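Chain and residue survey
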Amino acid sequence: MVGHPLDLIKVRMQTGVGGGSVLGMMGKTLRAEGFGGLYRGVSAPLTAVTPLFAVCFWGYDMGKRCVRLWESKVMKREVTEFTIPQYCVAGGISAIPASLLMAPSERIKCLLQIQTNVGGVPKYNGMLDCAAKVYQEGGIRSLFRGFGATLLRDVPGSVVWFGVYEFAKKEMLRFQGHTDKAKLSPMAILTAGGLAGMANWTICIPADVIKSRFQTAPEGMYNGLWDVYRDLMAKEGPAALFRGIRPALIRAFPANAACFFGMEVGQKLLSFLD
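These lines cover the structure that appears in this document, whether it is placed above or below. (Residues numbered from 1 in each chain as written. Predicted model: local features only at pLDDT ≥ 70, side-chain atom pairs only at ≥ 80, totals over all residues. Heavy atoms only, no water.)

1. So, the overall build of the protein
For clarity, the cut-off: Helix and strand labels come from DSSP, where a helix needs a run of H or I of at least four residues and a strand needs a run of E of at least two; each type is numbered from the N terminus. Each radius of gyration reported is based on C-alpha atoms, and the globular scaling rule is 2.2 Å times the count of residues to the power 0.38. Only protein chains enter the accessibility calculation, which uses a 1.4 Å probe. A residue is then buried if its area is under 20% of the maximum for its type, exposed if over 50%, and partly exposed in between. Whether two residues are in contact is decided by their heavy atoms: any pair within 4.5 Å suffices. In this tally, Asp and Glu contribute negative charge and Lys and Arg positive charge; neither His nor the terminal groups of the chain are included. Throughout, a charge is located at the NZ atom of Lys, the CZ atom of Arg, the CG atom of Asp or the CD atom of Glu.
In terms of helices and strands, the protein carries nine helices and zero strands. Its helices and strands taken in sequence order, the protein reads α-α-α-α-α-α-α-α-α from the N to the C terminus. Relative to its length of 274 residues, the protein is compact, with a C-alpha radius of gyration of 20 Å against a globular reference of 19 Å. By its C-alpha atoms, the protein is 60 × 40 × 40 Å across when sized along the principal axes. Looking at the protein as a whole, 47% of its 274 residues are labelled buried. Looking at the protein alone, contacts between residues at least 24 apart form 72% of all its contacts between residues at least 6 apart. Of the side chains in the protein, 31 bear a positive and 20 a negative charge, and the two mean positions are spaced by 3 Å.

2. With respect to the nonpolar core
In plain terms, the rule: Throughout, nonpolar core names a set of buried Ala, Val, Leu, Ile, Met, Phe, Trp, Tyr and Cys residues whose side chains join them through atoms within 4.5 Å.
Membership of the largest hydrophobic core comes to 25 residues, with the highest contact counts inside it found for Phe57, Trp161, Phe162, Tyr165, Leu184 and Phe260. It is helix α6 (residues 147-175) that provides the largest number of residues to this core, a total of six residues. Not counting chain neighbours up to four residues away, the residues in contact with phenylalanine 162 comprise Cys56, Phe57, Tyr60, Tyr87, Gly91, Ser94 and Phe260. The next biggest cluster of nonpolar side chains, apart from the first, holds 15 residues, and it includes Ile205, Ala217, Tyr222 and Ala248.

3. Description of the packing of aromatic side chains
Filter applied, for reference: In this scheme Phe, Tyr and Trp rings, the latter by its six-membered ring, pair at centre separations within 6.5 Å, and the angle between planes marks the pair as stacked below 30 degrees, edge-to-face above 60, and tilted otherwise. Lysine and arginine charges are scored as sitting over a ring when NZ or CZ, respectively, is within 6 Å of the ring centre and within 35 degrees of the ring normal.
Scanning the model with the defined rule gives 13 aromatic pairs in all. Summarising the aromatic geometry, the rings of tryptophan 161 and phenylalanine 162 are spaced 4.9 Å apart at their centres and angled 70 degrees between planes, so their arrangement reads as edge-to-face. Each member of the pair tryptophan 161 and phenylalanine 162 is classed as buried. What links up through ring pairs into an aromatic cluster is the set Phe53, Phe57, Tyr60, Trp161, Phe162, Tyr165 and Phe260. Sitting over the ring of phenylalanine 214, arginine 145 keeps its end group 5.7 Å from the ring centre.

4. Quick notes on the side chain of aspartate 7
Turning to its location among the elements, aspartate 7 is positioned in helix α1 (residues 4-15). Assessed through its relative accessible area of 6%, aspartate 7 is described here as buried.

5. A closer look at the side chain of arginine 213
Basically, it comes down to this: Throughout this description, a polar contact denotes any pair of N or O atoms lying within 3.5 Å of each other; where both atoms belong to protein, one of them has to be capable of donating a hydrogen while the other can accept it, and for residues adjacent in sequence the pair is counted only when both atoms sit in side chains.
Position of arginine 213 among the secondary structure elements: in helix α7 (residues 186-216). Classification of arginine 213 by relative accessible area gives buried; the value is 10%. Within the local environment of arginine 213, its side chain forms a polar contact with the side chain of glutamate 236, the two groups lying 2.9 Å apart. Apart from residues lying up to four places away in sequence, arginine 213 is in contact with Gln14, Thr15, Gly16, Tyr222, Val228, Leu232, Glu236 and Arg243.

6. Overview of helix α8 (residues 225-235)
What counts is decided by this rule: Directions from the helix axis toward the C-beta atoms define the arc.
Within α8, burial applies to Asp227, Val228, Asp231 and Leu232. Looking straight down α8, one finds its buried side chains confined to an arc of 135 degrees; they lie on one side. Residues of α8 that are exposed and angled more than 90 degrees away from the buried face: Trp226 and Ala234. At the C-terminal side of α8, glycine 237 shows a positive phi close to 80 degrees.

7. A look at a nonpolar patch on the surface
Short version of the rule: Patch building starts from residues that exceed 30% relative accessible area and form no salt bridge, then joins like charges within 9 Å and nonpolar side chains (Val, Leu, Ile, Met, Phe, Trp, Tyr) within 5 Å. Residue burial considers only the protein chains on display, and all accessible areas are found by Shrake-Rupley using a 1.4 Å probe. Each reported salt bridge corresponds to a side-chain nitrogen of Lys or Arg within 4 Å of a carboxyl oxygen of Asp or Glu.
A cluster of nonpolar side chains, contributed by Trp70, Val74 and Met75, occupies part of the molecular surface with about 300 Å² of accessible area. Along the polypeptide, methionine 75 turns up in the loop between α3 (43-73) and α4 (84-114).

8. Notes on the pattern of salt bridges
Under the counting rule described, the total for this entry stands at 22 salt bridges. Lysine 211 is paired through a salt bridge with glutamate 106; the nearest N and O atoms lie 2.8 Å apart. You can see lysine 211 sitting in helix α7 and its partner glutamate 106 sitting in helix α4, a full 105 residues away along the chain. Close ionic contact of lysine 235 with aspartate 231 constitutes a salt bridge, the shortest N to O distance being 3.1 Å. Linking lysine 235 with aspartate 231, this pair stays in helix α8, spanning four residues, or about one helical turn. Given the relative accessible area of 61%, lysine 235 is considered exposed. Given the relative accessible area of 18%, aspartate 231 is considered buried. In this structure, a network of salt bridges that share partners links the residues Asp7, Lys10, Glu106, Lys109, Arg153, Asp154, Asp208 and Lys211.

Structure (structure tokens):
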């Protein structure tokens, strides 16, 4: 909820709906659409966030199992402790099942975020209305438009996300003079999560720009992701691939710090189920 206004500004910057500074666009949105305008499209991610991160962290666990199986059956060696590259591989695997939930949620969110109340009646009256109209226009394929772009963004993004998180935890553990991960301080976990989030968005912002353009474009405007990329390069140049990075990075640290901290706390609370 706290980070959604920054996400809205990011998407509007990426799709060309607005321009200028982050604070300038926030002020413009407040004046034109009121406080509620900053939370346009929040219902889709709010509905999807719990199952999405549950699937994401489950996928990460499955990824680590795949790595362990590969090392045991193919490389003929046992994994006693995962290396950072192995954590990265597991992170990349986690993005595959998570993208199945992420793609339609992002499609609906982005469509709701770019519409405004200025100059007429909005096309969509909320998440369910948007989902129904998108489905009527193109069926399930339309709902999943941008799935390939979501994978293109989230596979490398998750490689970096989990890799940096585990690396930062390892270094902070060494700095604090501990060997047991359970003894990491809450501040260390929050810092590792925040750094991981910023690294993730630094890597995946170009793919996110392409995804946002593709998912919000009128039907038939683009013939695929490569067409979006060529259009961006021809009309706006390479800088367009990093549009929206400022609000993304501002939002990334607190949002991802809280995400990883919640995951660690949840794991401890539910450890009796192992």
